[in-house]
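Observations on chain architecture
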Amino acid sequence: MKKRIAGWLAFMIMLSLIAQTAFPVSAIEAAEDYKMVELEASRSLFSLTEVRTVEVEADFGEDVDVTQLQWTFGGKSISEWKKWTSGTNYNGAPFITVKEEPHFVDGTTTIKATLEFGLLFNTSNLSNRTIRTQYQQFIGDYELGLINPASKMKAATTVKLNVYDEFLFYDQLKPAIDQIFAQAKADPANERYLEYQSLGKTVEGRDLHFVILAKSKKAVDKYLNETLPTALENPESLIKKLDSGTKGDYQVPVWLNNIHPDEVEGIDTSIELLRKFALEDEVTFKTGKGDKERTEELKVEEVLDDVIFLYMFTNNPDGRAANTRANANGFDLNRDNHYQTQVETQQVTQEIAKWTPLSFIDMHGYVNGFLIEPTTPPHNPNYEYDLLYNTMINQAHAMGQAGIGNSSLTSYFIPAEEWSDGWDDMTPAYTPMYAMLHGSLGHTVEVPTLSLDSFHAMVGVGLGATKFVIDNKDELYKNQLEIFARGVNGEDNRAVDEYYTNAAGDSIGRIRGEHDNFFPDYYVIQTDEKEQKNKLEAYKMVDYLLRNGVKVEQTTKNMKVNGTMYPKGTFVVPMKQAKRGLANAMLYKGENVSDWAAMYDPIVVNFPELRGFNVQEIRIPGAFADNTTKVANVATPTGNVVGNPPKQVLANSNNDTIKLVNHLLKNNAVVEKATETKAGVTKGDFIVSTKDLQLYGKNYYFEAKPLGTSNQVKTEQLRQPNVVATGSSQLNFTLEELGFNLVNPEDADVIVSYGGAINANTLSGKAYVGIGVTAMNAVKNSGILPGFDFNRTANGHEGLFKAIVNDHVLTSGYEKDELLYSTTGAWITSVPDDAEVLASFSDSDDFYVAGWWPGHERAKGQTLAFTKNLEDATITLFANDLAFRAHTQYSYRLLANSIYASVGTEVIKKGKGKGKVKDKEVKTQNNKVEKSFFERGRDRE
């Protein structure tokens, strides 16, 4: 958080310098105080995206020389306000011009004139990324003044300059919400139900504002406590009522969302729509253009008979405050709705699961042409696409027609109808796609410009979606119920298959292999430490599923299924449930879609392999029937100290152990790392005193076993590594999560890099851990490692693949055969002499498991990672990504092992339990790293 605050202050200082450079202090500012009179203005609001004129009047009470009057804006002469030209340069034509010179009115002393406020950035579209980082500095209140220097009098008034009138900074959102609530409460005829909630806090402690608007509290309670539970448990009973016309009064949720807060219209649209539906009796809007244009009227009381509005103003308040796409940890939250590594996505997705909205609109920008989903193929096979596609197409048209009708935009387009690929919904990373796994009609809407016009279009989108839902409520809700019914009944309906195609356009359906049903009957998540390679991640997965609305059960007795004995208390995910698609999307292996020419984003989710725990598919109907109990919540396990011997061995088996080791090192506890497998200790395990473990290990999960002495095994004593990370804010997040001490470049003894320039002279006495293409390219170009080379298809090509892991202290805790992940599209073709190969791509024909990696065949059998000792430095290179979006957590220990290997000091055994430490590292006097080495590489986000 301190780094983010420092970065924000630096950014604000930069903007201040820009403003000072663009608009220097004038002589007018330095003049003595003036006698003030009122300046009357025909308007007080001005826009960065719309040309506006203003008529002004002033009376100085005397005859003045109008040719000598001077105009000021914000304390500066209007002649100093120049338009943006490029970069941070404001040296173009005047921003403010005098359209009608000051003149007297009808022989009086009243002076009248007309000014025009043009487009400061020479365009009404501020979506250009250079402009987007600068325009907000100009938003605010300004004094508009007319000065008579002869009498030292100033006529002045306060006006506001905004990007468009409705734009609100984050700090203005809650006051705007409160004002709407107050106005609604003040109207005795207004009986609508309004509820504000903070869903939680962001990384930097801001509230996640959330508002419910409904007909009444009774309607909300009925939906959450009666309608939705029935829909999830017994959807067919509600389908029968809809078919027979006996369903009666019910409401469905419509969710309005924004997740990229620098795509600004979405947040302001939600405030505007809240204002309309909370305060107005009727809302009218136009839909269509030309001959198709018509006016629609929504009677709000009737609307609320059908819908409950849910306003998630922004999932990323910190980004709204800082005018960034990413959150304070540097994550694009619209790539984290499935991984849920960030606190914001955890809280918002939990609320989506709670409400299970029927319609979900995520408001974005800026794509030329006004894009409205649904998407191109390939589609995630866990959607019931036949029950979503047609109604999503129809809702998209309804939103698009209302968007162009409510603005001067003339057209929109739907990727599913106009593109062949490149805008897919294969990953549930995006908020609407995540919502689709809950049976929602999930749409990303991309307005084409950052402008007043796009704001009006987005308001139209919200109104069009509302009209579509109330006009088609029974049909839409029945389709959602059918999705739930397929889950509850375990039905794999072949009607979906036509929507699942290959790149050639052939229908391939869901890839069922040898099975009749794409979905298993159960997933089993064991917790026995002998059978579960990572008990901690197993419990975290159960917590994830519960938080996301998936039912999880536990066995009530020991049960043998498929020849495996599952002890009492084993977690079972029954796949005959309404939200089986969400569970399967996170737990199944994934798809190979490498035949497609373009994909929008990485698609592999596969929690078991990327987080590193065991899960079993069971395809025996009713295998656990009547022998389980529902799980309401789980507590994360912690480790147990075994006995009270002098020392304990900590298995290098999970990330919590790494966190614990770093915690011990920060508290000056002695931690040894085994460098050989012997006497019941495995190479790479950690050895600590029992007393230290009892003191510091209470909040961590670890697997410990007693050890009388470490004299029988070779060890190294670790010291706290000083680490610097370059090239990715997400890498920093990972290292901080693991508890490593991040320092400035000059203080580092370990460099972990996603990329950046490298100089051999800066490596003396240090270890370098390079990850991915950019880092490997830097090493190759530096000439430090003769004999090293690599190849690639394209950065961004990704996949889960079979790997062969060699026995080495850097691979401690991993098996020989592993499934690993890459999103760099690269492999190592040649290693230097005396380098030790850590891992390779498997040479089996089926080595590639899932993902999108055209040309992955070229990586077959190639080297994945190696380490090489130089004269006084160590270089370790990984062709794959070890910390991708904080989801590849099973690979974290490869990173940690590489860091620890650089700071270990050999323990020379002497006598009973005594020894001395021998420093193996060679240091040089010049232990500083040049800045060029630490230049930030390209952020992969």
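Residues numbered from 1 in each chain as written. Predicted model: local features only at pLDDT ≥ 70, side-chain atom pairs only at ≥ 80, totals over all residues. Heavy atoms only, no water.

Considerations on the overall build of the protein
The number of helices and strands found in the protein is 23 helices and 46 strands. When the backbone C-alpha atoms are referred to their principal axes, the protein occupies close to 110 × 80 × 55 Å. With 941 residues in all, the protein has 59% of them scored as buried. In the protein, of all internal contacts separated by at least 6 residues, the share reaching a separation of at least 24 is 75%. Looking at the protein as shown, the accessible area adds up to about 36,300 Å², and 45% of this sits on carbon and sulfur atoms. On the protein, the mean spot of the 96 positive side-chain charges and the mean spot of the 125 negative ones are 8 Å from each other. (Helix = DSSP H or I, 4+ residues; strand = E, 2+ residues; numbered from the N terminus. Buried < 20%, exposed > 50% of the residue type's maximum accessible area, 1.4 Å probe, protein only. Contact = heavy atoms within 4.5 Å. Areas by Shrake-Rupley, 256 points an atom, 1.4 Å probe, with all protein chains shown as cover. Lys, Arg positive; Asp, Glu negative; His and termini not counted. Charge placed at Lys NZ, Arg CZ, Asp CG, Glu CD.)

A few points about the sheet that holds strand E12 (residues 252–257)
With mixed pairing, 7 strands are arranged side by side in an open sheet as E10-E11-E15-E12-E16-E20-E17. Whereas interior strands pair on both sides, the edge strands pair on one side only; in this sheet they are strand E10 (193–201) and strand E17 (371–372). Relative to strand E20 (residues 441–447), E17 runs antiparallel, the two being bridged by 2 bridges. Its bridge partner lying in E20, Leu-371 is registered against Glu-446. Here helix H11 (residues 389–405) sits on the sheet and contacts strand E16 (359–365), E17 and E20; the angle it forms with E20, its principal contact strand, is near 35°. With respect to the sheet, helix H14 (residues 452–471) is in contact with E12, strand E15 (307–312), E16 and E20, its orientation differing from that of E16 by roughly 170°. (Pairing = 2+ DSSP bridges. Axes fitted to C-alpha atoms, helices over the stretch in contact; angles between N-to-C directions.)

Here we look at the environment of Ala-748
When you line up the elements, Ala-748 lands in the loop between strand E34 (741–742) and strand E35 (750–753). Judged by its relative accessible area of 1%, Ala-748 is buried. A C-alpha to C-alpha distance of 10.0 Å links Ala-748 and Gly-765, two positions 17 residues apart in sequence. Once you skip the residues sitting within four places of it in the chain, Ala-748 turns out to touch Asn-722, Val-723, Val-724, Val-743 and Lys-766.

Regarding the pattern of salt bridges
All chains considered together, the criterion is met by 49 salt bridges. Here Asp-471 ties to Lys-467 by a salt bridge, and the two come within 2.6 Å at their closest N and O atoms. Placement of the pair is Asp-471 and Lys-467 together in helix H14, with a separation of 4 residues, close to one helical turn. The class of Lys-467 is buried, set by a relative accessible area of 17%. Here the residues in one salt-bridge network are Glu-384, Asp-386, Arg-486, Asp-492, Arg-494, Asp-497, Arg-510, Arg-512 and Arg-580, joined through shared partners. (Salt bridge = Lys/Arg side-chain N within 4 Å of Asp/Glu carboxyl O.)

A short note on helix H21 (residues 729–737)
Most of H21 is tucked away: 7 of the 9 residues are buried. Taken together, the buried positions of H21 are Ser-729, Gln-730, Leu-731, Asn-732, Phe-733, Thr-734 and Leu-735. Between the side-chain oxygen at the start of H21 and the backbone nitrogen of Gln-730 there is a gap of 3.1 Å, and the oxygen is on Ser-728. At the C-terminal side of H21, Gly-739 shows a positive phi close to 90°. (Polar contact = N/O pair within 3.5 Å; in protein donor to acceptor, adjacent residues only side chain to side chain.)

Looking at the packing of aromatic side chains
Applying the stated criterion across every chain, the model contains 49 aromatic pairs. Seen in terms of ring centroids, Tyr-544 and Phe-607 are 4.7 Å apart; in terms of plane orientation they differ by 50°. Their pairing is tilted. Of this pair, Tyr-544 sits in helix H16 (residues 535–547) while Phe-607 sits in helix H18 (residues 607–612), placing them 63 residues apart in sequence. The same class applies to Tyr-544 and to Phe-607, which are both buried. Here Phe-841 and Trp-853 contribute two aromatic rings whose centre-to-centre distance is 6.2 Å and whose plane-to-plane angle is 65°, an arrangement assigned as edge-to-face. In this pair, Phe-841 is assigned in strand E41 (residues 836–841) and Trp-853 in the loop between strand E42 (848–852) and strand E43 (863–869), connecting sequence segments 12 residues apart. With a relative accessible area of 2%, Phe-841 lands in the buried category. Using a relative accessible area of 0% as the deciding quantity, one classes Trp-853 as buried. (Phe/Tyr/Trp six-rings, centres within 6.5 Å; stacked < 30°, edge-to-face > 60°.)

Brief notes about the confidence of the model for the protein
Per-chain confidence: the protein averages 92 in pLDDT, with 93% of residues scoring 70 or above. Scored below 50 in pLDDT, residues 1–31 shows 48 contacts in the model against residues more than four places distant or in partner chains. For the stretch residues 910–917, pLDDT sits under 50, and the model shows 15 contacts to residues farther than four places along the chain or on other chains. (pLDDT = per-residue confidence, 0-100.)

Notes on the side chain of Asn-502
Structurally, the position occupied by Asn-502 is in the loop between helix H15 (473–489) and strand E21 (522–525). Looking at Asn-502, the relative accessible area reads 18%, which means it is buried. A distance of 3.0 Å separates the side chain of Asn-502 from the backbone nitrogen of Ala-504, its partner in a polar contact. Here the side chain of Asn-502 touches Asp-506 through a polar contact of 2.9 Å, landing on its backbone nitrogen.

Comments concerning the nonpolar core
Counting 185 residues, the largest nonpolar core has Tyr-135, Phe-277, Tyr-311, Trp-355, Phe-370 and Leu-545 as the members making the most contacts within it. Every residue in contact with Trp-355, bar those within four places of it in the chain, is listed here: Phe-210, Ile-212, Val-220, Tyr-223, Leu-224, Leu-228, Pro-253, Trp-255, Ile-308 and Leu-310. Counting 84 residues, the second largest nonpolar core, distinct from the first, contains Leu-731, Leu-785, Trp-827 and Ala-865. (Core = buried A, V, L, I, M, F, W, Y, C linked by side-chain atoms within 4.5 Å.)

Section: the sheet that holds strand E25 (residues 571–574)
Overall, antiparallel pairing links the 5 strands, which are arranged E26-E21-E25-E22-E27 in an open sheet. Whereas interior strands pair on both sides, the edge strands pair on one side only; in this sheet they are strand E26 (616–618) and strand E27 (628–630). When the angles between neighbouring strand axes are averaged without regard to direction, this sheet yields 35°. Sheet topology note: the E21/E25 ladder contains 4 bridges and is antiparallel. Its bridge partner lying in E25, Tyr-523 is registered against Val-573. Across the sheet, H16 touches E21 and E25, and the angle it forms with E21 is around 140°.

As for the pairing of E16
For E16, the tally of buried residues reaches 7 of 7 residues, placing the bulk of the element in the interior. Along E16, one buried face is formed by Ser-359, Ile-361, Met-363 and Gly-365 and the opposite face, lined by Phe-360, Asp-362 and His-364, is buried too. Here E12 runs beside E16; their pairing, made up of 4 bridges, is parallel. Bridged to Leu-256 within E16 is Ile-361.

A word on the packing of helix H4 (residues 170–186) against helix H7 (residues 265–279)
If you want to describe how two helices pack, look at the angle between their axes and the distance between the axes. Their axes nearest at 10 Å, the elements H4 and H7 cross at an angle of 5°. As far as their axial angle goes, H7 and H4 are roughly parallel. From H4, Leu-173, Ala-176, Ile-177, Ile-180, Gln-183 and Ala-184 reach across to H7, where they touch Ile-267, Ile-271, Leu-274, Arg-275, Ala-278 and Leu-279. Partitioned by chemical class, the residues of the contact of H4 with H7 number 10 nonpolar, 1 polar and 1 charged. (Parallel < 35°, antiparallel > 145°, perpendicular 65-115°, else oblique. Nonpolar A, V, L, I, M, F, W, Y, C, P; charged D, E, K, R; others polar.)

Observations concerning unusual backbone geometry
With an omega of 10°, the peptide bond between Gly-365 and Tyr-366 qualifies as cis. Cis peptide bonds are those with omega within 30 degrees of zero, and the linkage from Pro-377 to Pro-378 qualifies with -5°. Within the secondary structure, Pro-378 is located in strand E18 (residues 376–379). In this structure, Asn-606 is a non-glycine residue whose phi angle is positive, near 30°. Within the chain, Ala-679 stands out as a residue other than glycine whose phi angle is a positive 55°. Within the fold, Ala-679 resides in the loop between strand E29 (671–674) and strand E30 (686–689).

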